[in-house]
Amino acid sequence: REIRHHKRKMNIFRLAGDSIHVFAMCFLLAYMLNAKSCNGYSGKTQLMYLTVFITRYLDLITNFISVYNTTMKVMFISIKATIVYLIYGRFKQTHDKENDTFRFEVLIIPCAILAIFINHESSVMEIMWTFSIYMESVLILPQLWMIVKSGKIRVDQIIYLVTLGCYRALYIANWKYRYDTEGFYDILAIVAGCLQTSIYVLAFCAAPMSTHWVKEIKAGCADLR
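Source: prediction; values computed, not measured. (Residues numbered from 1 in each chain as written. Predicted model: local features only at pLDDT ≥ 70, side-chain atom pairs only at ≥ 80, totals over all residues. Heavy atoms only, no water.)

## Things to note about the overall build of the chain
Here is the rule: Strands are runs of DSSP state E lasting at least 2 residues, helices are runs of H or I lasting at least 4, and numbering of each runs from the N terminus. For every residue, the accessible area obtained with a 1.4 Å probe (protein chains only) is divided by the maximum for its type, and the residue is called buried under 20%, exposed over 50%, and partly exposed between those limits. Here, residues are in contact when the closest pair of their heavy atoms is within 4.5 Å.
Looking only at helices and strands, one finds ten helices and zero strands in the chain. The order of helices and strands in the chain, counted from the N terminus, is α-α-α-α-α-α-α-α-α-α. A total of 225 residues make up the chain; the buried ones form 44% of that total. Contacts in the chain between residues at least 24 apart in sequence constitute 80% of all its contacts with a sequence separation of at least 6.

## Details of the packing of helix H2 (residues 12–35) against helix H8 (residues 155–182)
Put simply, the rule reads: Think of each axis as a best-fit line through the C-alpha atoms, taken over the contacting stretch in the case of a helix, with angles from 0 to 180 degrees between the N-to-C directions. Should an angle lie under 35 degrees it is considered roughly parallel, over 145 roughly antiparallel, and from 65 to 115 roughly perpendicular; all remaining angles are considered oblique. The sense of a crossing depends on the near helix, which, turned anticlockwise from the far helix by less than a right angle, makes the crossing left-handed and, turned clockwise, makes it right-handed. Note on residue categories: nonpolar means Ala, Val, Leu, Ile, Met, Phe, Trp, Tyr, Cys or Pro, charged means Asp, Glu, Lys or Arg, and polar means any other residue, Gly included.
Interhelical geometry of H2 versus H8 gives an angle of 165° and a closest axis separation of 8 Å. When the interaxial angle is binned, H2 and H8 end up roughly antiparallel. Like other packed secondary-structure pairs, H2 and H8 cross with a definite hand, here left-handed. Contacts between H2 and H8 pair Phe13, Arg14, Ala16, Gly17, Asp18, Ile20, His21, Phe23, Ala24, Phe27, Leu28 and Tyr31 from the former with Asp156, Ile159, Tyr160, Thr163, Leu164, Cys166, Tyr167, Leu170, Tyr171, Ala173, Asn174 and Tyr177 from the latter. Within the contact of H2 with H8, the residues separate by chemical class into 17 nonpolar, four polar and three charged.

## Let's talk about the packing of H2 against helix H4 (residues 67–90)
Running from N to C, H2 and H4 point in directions that differ by 25°, and their axes come no closer than 10 Å. With respect to H4, the axis of H2 lies roughly parallel. Both H2 and H4 take part in a crossing whose hand is left-handed. Counted together, Arg14, Leu15, Asp18, His21, Val22, Met25, Cys26, Leu28, Leu29, Met32 and Leu33 of H2 and Tyr68, Asn69, Met72, Met75, Phe76, Ile79, Lys80, Thr82, Ile83, Leu86, Ile87 and Arg90 of H4 form the full contact between these two elements. Broken down by class, the residue content of the contact of H2 with H4 amounts to 16 nonpolar, three polar and four charged.

## Remarks on unusual backbone geometry
Positive phi, normally seen in glycine, also occurs at Lys36, with a value near 55°. As for its position among the elements, Lys36 is in the loop between H2 and helix H3 (43–56).

## Digging into empty space enclosed by the protein
Here the idea is plain: a probe the size of a water molecule rolls over the atoms and shows the empty space left. Rules: Buried and open spaces are told apart on a 1 Å grid over the protein atoms alone, a cavity being a set of points where a 1.4 Å probe fits but cannot get out and a pocket being an open set with protein on both sides within 12 Å along at least five of seven lines. Residues with an atom within 4 Å of a point are the lining residues. Grid points are joined across faces, edges and corners, and a volume is the space filled by probe spheres set on the points.
One pass over the structure, following the stated rule, counts two cavities of 30 Å³ or more. Its boundaries defined by the atoms lining it, the second largest cavity holds a volume of some 80 Å³. Taken together, Asn39, Gly40, Asp96, Met146, Ile147, Ser150, Lys152, Arg154 and Gln157 make up the full set of residues lining the second largest cavity. Among the elements that make up the lining of the second largest cavity, the one with the highest residue count is helix H7 (residues 141–150) (three residues). Per-class residue counts for the lining of the second largest cavity are two nonpolar, four polar and three charged.

## Remarks on H7
Burial in H7 covers these residues: Pro142, Gln143, Leu144, Met146 and Ile147. The positive-phi residue at the C-terminal boundary of H7 is Gly151, with phi of around 75°.

Now the structure itself:
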């Protein structure tokens, strides 16, 4: 599957989407190391992200596609594994467990069931790939739940969420470009990606409605000056 779907030329939308995705992860990692804290970030979202990358890139050793492809896979897994370690290991004392309470099994179990019954082919690799696609579409919910429950949001969190939203939006443009130029589309990835983008859009639209969030954002901007 991986080889079949990656025999194509790189396009600007995919390159930009991957670059912004890497930036979002590096930004979060750099923030935690600089602040020596993981406060405000959901360990459950990051753990789900790591699971997504591991299940999606099971072919990392068996199939070589390109230097770019392999580099990105290794980078995604390595950065997320480091972030998970910081949250549950090195900086666990700063982890806001009181607000990181989303029952993420209500996301994981349905995604696993859907992947088993709705996929392109019934092979282990394909089911794992499909599971990663489904789970990525909803994994930001524990992070959003944590922010809503705490009642405040910081500038660094906004930067992280906005860059993730931009990454998803660019991948929708990538799918449109591929359909126009290659006649290729993957309905499962498109539906899941649109769902994920919709969650970001709804979150960004709802945030300004909270006057408390607006005050927190202004205070955070003032601290950056």
